[in-house]
Amino acid sequence: MLEKLQKTDTELDANTIATNENKKRLFDANNEYSSVKSKLEALRNITERYDGYGNSIKRVMEQKDNTPGIIGVVADIIHVDKKYETAIETALGYAMQNIVTASEEDAKRAIYYLKNNNHGRATFLPITSIRSNPLHEKGVEDCIGFVGFGSSLVQYDEKYSEIIKYLLSRTVVSEDMDSAVAIAKKYSYKFKVVTLDG
């Protein structure tokens, strides 16, 4: 009887150990499931957020959390008043999808990633190397229908100043088509002119 009791006790200990191991496996599996679910949700959010963007842009943005030097696309770093949205979107065009990086090295890493994985191409704008070429023509502000320079109609963090000026300082926004044509002609089409309507 004592022998039977010891055998049962040993079996009980073995079952307890097995149960604890199974609980640990279940706990680990739940943690892994939660982690994978979170990553999947994050990827879905990125995919939805960058819906309509090129495949290469989506692929780089998926790597953003793992690559600190990737800041985002131009659309992520600017804020535009509703009344200027159409004009700025028209002025920027595909440049809205250009990827802003902290440095040239960050851009190179992203380019290698795209190249090595056959994900296509993208345009990168490293903060450390982009320099603007401002408009020097005098009297533009005095033209009839002049609304503003593109770079002055958007809000952005000062650290992106050169990038925004590079993209928009040679763009003039005018009230309407007639004033746009008049401004462009007066300055011999030396810069881009867009209307509030785009």
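Coordinates for the structure precede this section.
Rules of the game
Residues numbered from 1 in each chain as written. Predicted model: local features only at pLDDT ≥ 70, side-chain atom pairs only at ≥ 80, totals over all residues. Heavy atoms only, no water. Core = buried A, V, L, I, M, F, W, Y, C linked by side-chain atoms within 4.5 Å. Buried < 20%, exposed > 50% of the residue type's maximum accessible area, 1.4 Å probe, protein only. Helix = DSSP H or I, 4+ residues; strand = E, 2+ residues; numbered from the N terminus. Contact = heavy atoms within 4.5 Å. Pairing = 2+ DSSP bridges. Axes fitted to C-alpha atoms, helices over the stretch in contact; angles between N-to-C directions. Salt bridge = Lys/Arg side-chain N within 4 Å of Asp/Glu carboxyl O. Phe/Tyr/Trp six-rings, centres within 6.5 Å; stacked < 30°, edge-to-face > 60°. Patch = residues over 30% accessible without salt bridge, like charges linked within 9 Å, V, L, I, M, F, W, Y side chains within 5 Å. Areas by Shrake-Rupley, 256 points an atom, 1.4 Å probe, with all protein chains shown as cover. Lys, Arg positive; Asp, Glu negative; His and termini not counted. Charge placed at Lys NZ, Arg CZ, Asp CG, Glu CD.

Turning to the nonpolar core, a few remarks are in order. I78, I88, L92, L167 and L168 are the most contacted members of the largest nonpolar core, which totals 22 residues. Where this core is concerned, the elements lending two or more residues are α3 (74-77), α4 (85-92) and α6 (161-168). If we ignore the near neighbours within four places in the chain, the residues touching I88 are I78, V80, G150, L153, V154 and L168.

Before going further, it helps to spend a moment on the sheet that holds strand β1 (residues 70-73). Spatial ordering of the open sheet is given by β1-β3-β4, a layout of 3 strands whose pairing is mixed. Either end of the sheet is taken by a strand with one partner, and the two such strands are β1 and β4 (124-126). Going from strand to strand, the sheet's axes swing by 25 degrees on average, the running direction of each strand aside. Judged from the 3 bridges that link them, β1 and strand β3 (residues 99-101) form a sheet pairing that is antiparallel. Within β3, the position partnered with V73 by the bridge is I99. Helix α5 (residues 104-116) rests against β1, β3 and β4 of the sheet, and its axis sits at about 160 degrees to β4.

Our next topic: the pattern of salt bridges. Counting across every chain of the model gives 4 salt bridges. Note that K82 is salt-bridged to E85, the shortest N-O span being 3.7 Å. Here E105 and K108 are joined by a salt bridge, their closest N and O atoms 3.3 Å apart. Remark: K108 and E105 occur in helix α5; sequence separation between them is 3 residues, near one turn of the helix. Accessibility expressed as a relative area gives 40% for K108, which makes it partly exposed.

So, about the packing of aromatic side chains. The tally for this structure, following the rule as stated, stands at 2 aromatic pairs. When the ring of F146 is compared with that of F149, the centres are 5.2 Å apart and the planes differ by 70 degrees; the resulting orientation is edge-to-face.

To continue, consider a negative patch on the surface. The grouping of E175, D176, D178 and D197 at the surface amounts to a negative patch. In this fold, E175 is placed in the loop between β7 (171-174) and α7 (177-186). We classify E175 as partly exposed; its relative accessible area is 47%.

Turning next to unusual backbone geometry. What you tend to see is this: most non-glycine residues have negative phi, and most peptide bonds are trans. For N118, which is not glycine, the phi torsion reads 50 degrees and is therefore positive. Counting through the fold element by element, N118 comes out in the loop between α5 and β4. At Y189, a residue that is not glycine, the phi angle is positive and equals roughly 55 degrees. For Y189, the location among the structural elements is in the loop between α7 and β8 (192-195).

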